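Listed below are the residues making up each chain.
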Amino acid sequence: MKVLVIGNGGRESAIVRTLSKSSKVSQVFASPGNVGMLKEAKLLEFKSFQDTYNEIVNNRIDLVIVGPEQYLSEGIVDYLSERKVPVIGPTKQAAMLESSKVYAKEQMQRYNIPTAEFASFTSLKDAQNYIKKAKYPLVIKADGLAAGKGVVIADNYEQASNALVQMMDELAFGNAGARVVIEEYLVGWEGSVFAFTDGDDYKLTIFSQDHKRILDGDLGANTGGMGAYAPLDLAAPYIQEIEKSVFQPLFNGLKKEGVKYQGILYAGMIFTEKGPYVLEYNCRLGDPETQAVLPLLKTDFIDICEAIDSEQIRHLNLEWSDQYAVNIVAASQGYPDKYDKGKLITVDPKLYDIEGVELFYANVAKKDNSDNLYTDGGRVLSLTALAESLDDSIVKAYSAMDLIHFENMYYRKDIARNRS
Ligand code: AMP
Ligand code: GLY
């Protein structure tokens, strides 16, 4: 099979790597991809859905996997499906579970899915009135897509009001913040899980835990994710409860509404004293959770995609390695705010000799025809280490990270260390 992965980040690098190991895949394409994937994938420019479709036809691509939420929320799946291209991902309408937090919260409320109490606003004045009487801390979220950065936890009225002004008046996240959700602050530890679903049945993956804040100890600004590990053993005992309270009611409800959700659904949860509550649904694999979860998958990823596409999920058997995976993201110092680009990345070749270490590039560029890669964004690369215990994976991942250098390289030193 010839498979096209749409997207260009660390998650897509991990999907490309996984596909390149499948005996069923003869060629992997990535669009736009990144130059760190060149050994495994042929890169196709991404200009428009129409151009992508033409490339699919010209290259005789058999299957398309869409990584990022942006394209899904713009309807790439609708566009390609109408043209009979097998594509993994939900339609624009189904992807609203991620592209509108108000819609997602209303669905959770409708189907009694445990989630924080909330209110939504399109008027800054109404929102400011509401926060005068609210309990603190509270959480303010831009309704639309904001690359993981549109969430503010406010400790007092002043912080909340500033966040509202930035989102709703100054449009710091563009139109994504013109409408906001204000919700109750929940206390607990976080974990996430993916469902592979064909619209009728679904199968859940192992759990993982992302580290969203920029600084050690879960401090500082929210980012697109600074590292992850899997499996998250703490969450395993909740699997049945989560099926019953988080996935079944949603999928049953969507079906009744006539919305077919086919693809991957991510549930980001917080495990409180009262059990797991949904923080967010995403309409795709998580980044960087994918970089920790896919290396543990023993089932061929192509079999999963085919089961989604041919509506055979009920026959799918997911098998997992019994190892642990730790993924650490290396970013440019200054991310998620301002940072420099164009720094040479050096990797000591010893890294490639360590068994069970995978290096995934994200924001990288070339300056010439050599193999040299340079930093080209906030989250530059990540690496995953696999070992028999979580502690061994942590040690292995950090010693492998010592073999990678670029000027102003920054990464958290406590990934998977602050468990709970
Ligand atoms: P989200 O994009 O909705 O997952 O939010 C990003 C991060 O903000 C989450 O991973 C949590 O750490 C935090 N967060 C979001 N909503 C809440 C909440 N209601 N209570 C506590 N923390 C939250
Ligand atoms: N890791 C969180 C996300 O992918 O949204």
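Residues numbered from 1 in each chain as written. Chains lettered and ligands numbered in written order. Predicted model: local features only at pLDDT ≥ 70, side-chain atom pairs only at ≥ 80, totals over all residues. Heavy atoms only, no water.

(A) The arrangement of the site of ligand 2 in detail. In the vicinity of ligand 2, the residues found are Asp210, Lys212, Tyr266, Asn282, Arg284, Gly286, Asp287 and Glu289. Residue Asp210 places a side-chain N or O atom 2.7 Å away from a nitrogen atom belonging to ligand 2. The side chain of Glu289 places a nitrogen or oxygen atom 2.7 Å from a nitrogen atom of ligand 2. Surface burial for ligand 2 is 89%, taken as the share of its 200 Å² of free accessible area covered by protein chains. (Near = heavy atom within 4 Å. Polar contact = N/O pair within 3.5 Å; in protein donor to acceptor, adjacent residues only side chain to side chain. Areas by Shrake-Rupley, 256 points an atom, 1.4 Å probe, with all protein chains shown as cover.)

(B) How the structure looks around the site of ligand 1. In the vicinity of ligand 1 lie 14 residues, with Lys141, Glu183, Glu184, Leu186 and Glu190 positioned nearest. Contacts to ligand 1 include Lys101, whose side-chain N or O atom sits 3.4 Å from an oxygen atom. Here an oxygen atom of ligand 1 sits 3.1 Å away from a polar atom, N or O, in the side chain of Glu280. For ligand 1, whose free accessible area comes to 470 Å², the fraction covered by protein is 94%. For the shell around ligand 1, the elements supplying multiple residues, two or more each, are β7 (138-142), β9 (180-184) and β17 (275-282). For the shell around ligand 1, the residue count by class is 6 nonpolar, 1 polar and 7 charged. (Helix = DSSP H or I, 4+ residues; strand = E, 2+ residues; numbered from the N terminus. Nonpolar A, V, L, I, M, F, W, Y, C, P; charged D, E, K, R; others polar.)

(C) Spotlight on the sheet that holds β9. Overall, antiparallel pairing links the 4 strands, which are arranged β6-β9-β7-β8 in an open sheet. The two strands at the open ends of the sheet, each matched to only one other strand, are β6 (118-121) and β8 (151-154). With strand direction ignored, the average angle separating the axes of adjacent strands in the sheet is 20 degrees. Each of β6, β7 and β9 is contacted by helix α7 (residues 124-132), which is oriented at about 155 degrees to β6, the strand it contacts most. Along the sheet, helix α8 (residues 157-169) makes contact with β6, β7, β8 and β9, crossing β7 at roughly 5 degrees. (Pairing = 2+ DSSP bridges. Axes fitted to C-alpha atoms, helices over the stretch in contact; angles between N-to-C directions. Contact = heavy atoms within 4.5 Å.)

(D) Here's a closer look at the environment of Ala172. Tracing the chain through its elements places Ala172 in the loop between α8 and β9. Ignoring any residue separated from it by four or fewer positions in sequence, one finds Ala172 in contact with Gln166 and Met167.

(E) Spotlight on the pattern of salt bridges. Throughout the structure, instances matching the rule amount to 23 salt bridges. The partner of Arg412 in a salt bridge is Asp216, and the shortest N-O contact between them spans 3.9 Å. Here Arg412, found in the segment after β25 (409-410), pairs with Asp216, found in the loop between β13 (213-215) and β14 (219-222); they are 196 residues apart in sequence, far enough to count as distant. What makes Asp216 partly exposed here is its relative accessible area of 32%. What emerges from the salt-bridge pattern is a single network uniting Arg17, Lys21, Glu40 and Glu358. (Salt bridge = Lys/Arg side-chain N within 4 Å of Asp/Glu carboxyl O. Buried < 20%, exposed > 50% of the residue type's maximum accessible area, 1.4 Å probe, protein only.)

(F) How the structure looks around helix α1 (residues 10-20). In terms of burial, α1 is largely enclosed, as 10 of its 11 residues are buried. Within the sequence span of α1, burial applies to Gly10, Arg11, Glu12, Ser13, Ala14, Ile15, Val16, Arg17, Thr18 and Leu19.

(G) Region of interest: the side chain of Ser13. One can find Ser13 in helix α1. Dropping the residues within four chain positions of it, Ser13 is found in contact with Asn34, Met37, Phe360 and Tyr361.

(H) Seen up close, the packing of helix α6 (residues 101-110) against helix α9 (residues 239-257). Across the interface, α6 lies against α9 with an axial gap of 10 Å and an inter-helix angle of 100 degrees. In this view, α6 runs roughly perpendicular relative to α9, as classed from their interaxial angle. Here Tyr103, Gln107 and Arg110 of α6 lie close against α9, whose contacting residues are Leu250, Leu254 and Glu257. (Parallel < 35°, antiparallel > 145°, perpendicular 65-115°, else oblique.)

(I) Highlighting the packing of aromatic side chains. By the definition in use, this model includes 13 aromatic pairs. Geometrically, the ring pair formed by Phe121 and Tyr130 is tilted, given 5.1 Å between the ring centres and 55 degrees between the ring planes. With a relative accessible area of 35%, Tyr130 lands in the partly exposed category. Clustering of aromatic rings is evident, with ring pairs tying together Tyr202, Phe247, Phe251 and Tyr261. The cationic tip of Arg83 hangs over the ring face of Tyr79; the distance from NZ or CZ to the ring centre is 3.6 Å. (Phe/Tyr/Trp six-rings, centres within 6.5 Å; stacked < 30°, edge-to-face > 60°. Lys NZ or Arg CZ within 6 Å of the ring centre and 35° of its normal.)

(J) Molecular detail of a nonpolar patch on the surface. Residues Ile153, Tyr185 and Val187 make up a contiguous nonpolar surface patch of roughly 270 Å² in combined accessible area. On the secondary structure map, Tyr185 appears in the loop between β9 and β10 (189-197). (Patch = residues over 30% accessible without salt bridge, like charges linked within 9 Å, V, L, I, M, F, W, Y side chains within 5 Å.)

(K) How the structure looks around the packing of α7 against α8. Running from N to C, α7 and α8 point in directions that differ by 165 degrees, and their axes come no closer than 10 Å. It follows that α7 is roughly antiparallel to α8 by the angle criterion. The handedness of the crossing between α7 and α8 comes out as right-handed. In this structure, α7 contributes Leu124, Ala127, Gln128, Ile131 and Lys132 to the contact, and α8 contributes Tyr157, Ala160, Ser161, Leu164, Val165, Met168 and Asp169. Taken together, the residues of the contact of α7 with α8 sort by class into 8 nonpolar, 2 polar and 2 charged. (Left-handed = near helix turned anticlockwise from the far one by under 90°.)

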